[in-house]
Amino acid sequence: MPFAWPLTEKDEYTSVGVNFGDINIEFISFRVRFGIKDTKFKGFSGIAFKVVDSLEESIKSLKESELSYRVGEECEAHTTLSIEESQIFPTVFLVKYHFETSGWVERLKKEFIECSGGNYHIARFKSLSVSNRIPNNLKNNFRINFGVKNQVCFESSNGERAVISDLIENLEIVITPKN
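Calculation rules
- Residues numbered from 1 in each chain as written.
- Predicted model: local features only at pLDDT ≥ 70, side-chain atom pairs only at ≥ 80, totals over all residues.
- Heavy atoms only, no water.
- Pairing = 2+ DSSP bridges.
- Helix = DSSP H or I, 4+ residues; strand = E, 2+ residues; numbered from the N terminus.
- Axes fitted to C-alpha atoms, helices over the stretch in contact; angles between N-to-C directions.
- Contact = heavy atoms within 4.5 Å.
- Buried < 20%, exposed > 50% of the residue type's maximum accessible area, 1.4 Å probe, protein only.
- Arc of directions from axis to C-beta.

**Examining the sheet that holds strand E7 (residues 69–74)**
No. 1: Judged by pairing direction, the sheet is mixed, and its 4 strands sit side by side in the order E6-E9-E8-E7 without closing on themselves. With one partner strand each, in any of the chains shown, strand E6 (46–50) and E7 form the two edges of the open sheet. Strand-to-strand twist across the sheet, computed as the mean angle between neighbouring axes with direction ignored, equals 30°.
No. 2: Bridging between E7 and strand E8 (residues 78–83) involves 5 bridges; their strand directions are antiparallel. Residue pairing across strands places glutamate 73 opposite threonine 80, the latter belonging to E8.
No. 3: With respect to the sheet, helix H1 (residues 55–64) is in contact with E7, E8 and strand E9 (91–97), its orientation differing from that of E8 by roughly 0°.

Next comes the structure, spelled out in structure tokens:
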């Protein structure tokens, strides 16, 4: 699978992103997590939604939905807003990129097509399920299935079914056949 971004080491974390077509999955080791030092955890860390509007518009929408938020990280490339972080884990957060992302997205689309979905012939992202009790105002604003267990599901292009588990504690990646 193509790298969404290369291995990046910062004082706060070490990170690498892998592209799976419509989504990127980040593997990250935090030293400072969303501005909070000495945060230790294992497993599925968070779900990021790319912000299309301005940060001001996003913050206005969060306030109107009565969702608490906090700036988790602010750097040259992006700003993150964690949402209802005291009530939910994995963290749901917004990312506002401070650069034009269309070239990056097009490069990833091309590389994803060229790799033919990797070993499991992943064709597309299908769904995300999060095992957690989530406030209703968050459920109503984001299309996430808050289900029985943490799951990222993909459809394969050749009809094979594969379940990849134990890669990350409490996260299961499922590849399902196309209907």
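Back to the write-up after that little detour.
**A word on H1**
No. 1: Among the residues making up H1, those that are buried are Leu55, Ser58 and Leu62. Down the axis, H1 shows its buried residues gathered within 65° of arc, on one side only. Exposed side chains of H1 directed beyond 90 degrees from the buried face belong to Glu56, Lys63 and Glu64.
No. 2: Those residues of H1 that are buried are in contact with E7, E8 and E9.
No. 3: Phi turns positive, to about 55°, at glutamate 66, one or two residues after H1.

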